[in-house]
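One letter stands for each residue in the lines below.
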Amino acid sequence: MFIDKVRIHVKGGDGGAGCMSFRREAHVPKGGPDGGDGGHGGDVIVEADGSLSSLIEYRFKHHFKATRGTHGKGAKMHGARGDNLILKVPLGTIVHFFDEETQETGELIADLTRDGEQVVVAGGGIGGRGNTHFVTSTRRAPAFAELGEPAYEGWIELEMKLMADAALVGVPSAGKSSLIARISAARPKIADYPFTTLVPNLGVVRSGDLSFVAADIPGLIEGAHVGKGLGYEFLRHIERTALIVHIIDLTGGYEGRDPLEDYEIINSELQLYSEDLAKRPRIIVANKIDVAGTEDARKRLAERVKADSIAVAGDEYSSSLIDPKLYCISALTGQGVDGLKAAIATKVQALREEVRVREEASPQYDFVWEHRRQARDKVFDIVKLTDGVFRVEGKQVERMVIQTDWENEEAIAFLQHRLKRIGVEVALEAAGAKDGDEIRIVGRSFEFESAHVSEDIFKELDI
């Protein structure tokens, strides 16, 4: 079954708690702190796999979770890191955030186009630090440690767009499936009625020493760019292809359509759906030349294609955008097919070289996404709920509160100093908070008390 869009819930592994421990040995009456760190939680990673062809693995299972890190122990024994969970997806999969409440697709996370390319979609929680990390010149025996950080969890959308070199497009029954069956080992359903093809078909085509992957895209109709006839579902698969092979039925089909009108309809739909598609290199193919009475349509179409290629060459686009030659074939008898295969293979080879150059400068999504995440985490907002009640929102601030052991007074005092250090106190005063006001952070409530702590004290506390 061909599944090309799914939404799944992912959760990294929670971080393990740090350990509060002191060295205890014979003849060592005052051993220092020796609590180990908690292990980091495992990440949920999406990885492109060239052996996959659909997202069917995620059709019924929608929740995925990595394992948590283990807790630290005494004698500076650190907890083990949780195992990563790798979710395999086909090449050409785009990963977005997804808002379950609004049912809207969010920010782009990654566009996975190379085999083995990975991106972390749900990072594991950071393991809590053991009490050895909190020793300073004035705090020789810290009796507290950090708890593990809860991992990120949320919904993501996986959308697969076919990774093909050439897309066969045209109106229904133009002969796309017949052509791909003729030039490759693909065996799509072929029949003499519209919309026989309901899902894209892929086939590997060889021409001499060259080869390429062709995609048979289901037929497009007027209005496809606004979703008519499942237009959205079909058009987005063309976005991946380097070359568009536009196939036109010279007979006009059983409806007796004008081949030039069909040509215009497809060009218009590509333009209206995406400006980028309108600029995609293309080859125009006239099919069913074996049928008598198609000579006039073939001549008119050839003149139009040549005129369009000249017009484009004079525009801002490259002169190679539209091949000026009209390739006339019969997918039924095979007439002209070998020449068409050679033309497509040669064009694809040149386009691949252009793509290779661009990919050398393509982003490493793991690093880009992690940098963005860290920048966002440091930002916090002050929200005034009512008179005398404020809420502090922000990933870094919330993480500090969550990792605090609220049964330990030393740990709470350490949290207060950390919040002051990152500017929460100053921001609250700027927002109008006064002594005695209630401050809320992720379910915890504090009484605000302004104070001015010098930078020297922060350094001494080693925060």
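See above for the structure.
Notes on the structure in this doc start here. Just so it is clear, the structure is predicted and the values come from calculations on it, not from any experiment.

Definitions and cut-offs
- Residues numbered from 1 in each chain as written.
- Predicted model: local features only at pLDDT ≥ 70, side-chain atom pairs only at ≥ 80, totals over all residues.
- Heavy atoms only, no water.
- Helix = DSSP H or I, 4+ residues; strand = E, 2+ residues; numbered from the N terminus.
- Buried < 20%, exposed > 50% of the residue type's maximum accessible area, 1.4 Å probe, protein only.
- Contact = heavy atoms within 4.5 Å.
- Areas by Shrake-Rupley, 256 points an atom, 1.4 Å probe, with all protein chains shown as cover.
- Pairing = 2+ DSSP bridges.
- Axes fitted to C-alpha atoms, helices over the stretch in contact; angles between N-to-C directions.
- Polar contact = N/O pair within 3.5 Å; in protein donor to acceptor, adjacent residues only side chain to side chain.
- Salt bridge = Lys/Arg side-chain N within 4 Å of Asp/Glu carboxyl O.
- Parallel < 35°, antiparallel > 145°, perpendicular 65-115°, else oblique.
- Nonpolar A, V, L, I, M, F, W, Y, C, P; charged D, E, K, R; others polar.
- Core = buried A, V, L, I, M, F, W, Y, C linked by side-chain atoms within 4.5 Å.
- Phe/Tyr/Trp six-rings, centres within 6.5 Å; stacked < 30°, edge-to-face > 60°.

Before going further, it helps to spend a moment on the overall build of the protein. Summing up its helical and strand segments, the protein has 11 helices and 18 strands in all. Classification of the 463 residues of the protein by burial places 46% in the buried group. Relative to all contacts within the protein whose residues are 6 or more apart in sequence, the contacts with residues 24 or more apart total 71%. Put simply, the protein shows about 23100 Å² of open surface, and 51% of that area lies on carbon and sulfur atoms.

The next subject is the sheet that holds strand β2 (residues 44-49). The strand order across the open sheet formed by 3 strands is β4-β2-β7, and the pairing between neighbours is mixed. Every interior strand has two partners, whereas the edge strands, β4 (85-90) and β7 (118-122), have only one. Across the sheet, the mean angle from the axis of one strand to that of its neighbour is 30°, orientation sign disregarded. Relative to β4, β2 runs parallel, the two being bridged by 6 bridges. Paired with A48 across the two strands is V89, which belongs to β4.

Before going further, it helps to spend a moment on the side chain of S177. Note that S177 resides in helix α1 (residues 176-183). Given the relative accessible area of 10%, S177 is considered buried. Within the local environment of S177, its side chain forms a polar contact with the side chain of D216, the two groups lying 2.7 Å apart.

Our next topic: the sheet that holds strand β17 (residues 438-441). Two modes of strand pairing occur in sheets, parallel and antiparallel, and in both the strands are linked by backbone hydrogen bonds. Here 4 strands make up an open sheet; going across it, the order is β15-β16-β17-β18 and the pairing mixed. Only two strands of the sheet have a single neighbouring strand rather than two, namely β15 (381-386) and β18 (444-447). Mean inter-strand twist for the sheet, computed between neighbouring axes without regard to direction, equals 30°.

Looking now at the pattern of salt bridges. Counting across every chain of the model gives 18 salt bridges. For R300, the salt bridge is made with D296, and the minimal N-O distance between the two is 3.3 Å. One end of the pair, R300, and the other, D296, are both in helix α5 (residues 295-313), 4 residues apart, so they sit about a helical turn from each other. With a relative accessible area of 31%, R300 lands in the partly exposed category.

Turning to the environment of L162, a few remarks are in order. Here L162 shows up in the loop between β8 (153-160) and β9 (166-169). On the accessibility criterion, L162 (2% relative accessible area) is buried.

Attention now moves to the side chain of S330. Position of S330 relative to the elements: it lies in the loop between β14 (322-328) and α6 (337-359). Residue S330 is classed as buried on the basis of its relative accessible area, which comes to 1%. In terms of polar contacts, S330 uses its side chain to reach the side chain of D290, at 2.8 Å. Side-chain polar atoms of S330 contact the side chain of T333, separated by 3.0 Å.

The phi angle at K288 is positive, at roughly 70°, despite the residue not being glycine. For K288, a relative accessible area of 23% corresponds to the partly exposed category. A positive phi angle, near 35°, is found at V442, a position not held by glycine. The exposure class of V442 is partly exposed, given its relative accessible area of 39%.

Once that is clear, we can look at the pairing of β18. Regular strands have side chains that alternate between both faces of the sheet. Both β17 and β18 contribute to a ladder of 4 bridges, which runs antiparallel. Along β18, the bridge assignment pairs I441 with R444. Counted between consecutive antiparallel strands, the loop separating β17 from β18 contains 2 residues, among which V442 sits at a positive phi close to 35°.

Where helix α8 (residues 395-402) contacts helix α9 (residues 409-421), the two axes come as close as 10 Å, and the packing angle between them is 170°. In terms of orientation, α8 lies roughly antiparallel with respect to α9. For the pair α8 and α9, the contacting residues are V397, M400 and V401 in the first and L415, R418 and L419 in the second. In terms of residue class, the contact of α8 with α9 is made up of 5 nonpolar, no polar and 1 charged.

This paragraph deals with the nonpolar core. I156, L158 and I238 are the most contacted members of the largest nonpolar core, which has 61 residues in total. Per element, the largest residue contribution to this core is 7 residues, and it comes from α6. Aside from chain neighbours lying at most four places away, what touches I156 is V6, R7, I8, V10, V46, V95, H96, F97, F98, I109 and V121. Listed in part, the 15 residues of the second largest apolar core include F380, M400, V401 and I439.

This brings us to the packing of aromatic side chains. One pass over the structure, following the stated rule, counts 6 aromatic pairs. Taking 6.2 Å as the distance between ring centres and 65° as the angle between the ring planes, the aromatic pair formed by F97 and Y152 counts as edge-to-face. Residue F97 is located in strand β5 (residues 93-99), and its partner Y152 is located in the loop between β7 and β8; the two are separated by 55 residues in the primary sequence. Using a relative accessible area of 17% as the deciding quantity, one classes F97 as buried. On the basis of relative accessible area, Y152 is assigned to the partly exposed category, the value being 30%. For the ring pair F134 and F414, a centre distance of 4.9 Å and an interplane angle of 65° mean the geometry is edge-to-face. Of this pair, F134 sits in the loop between β7 and β8 while F414 sits in helix α9, placing them 280 residues apart in sequence. Residue F134 is classed as buried on the basis of its relative accessible area, which comes to 3%. Its relative accessible area of 6% is what places F414 among the buried residues. Following the ring pairs from residue to residue traces out a cluster consisting of F134, F144 and F414.

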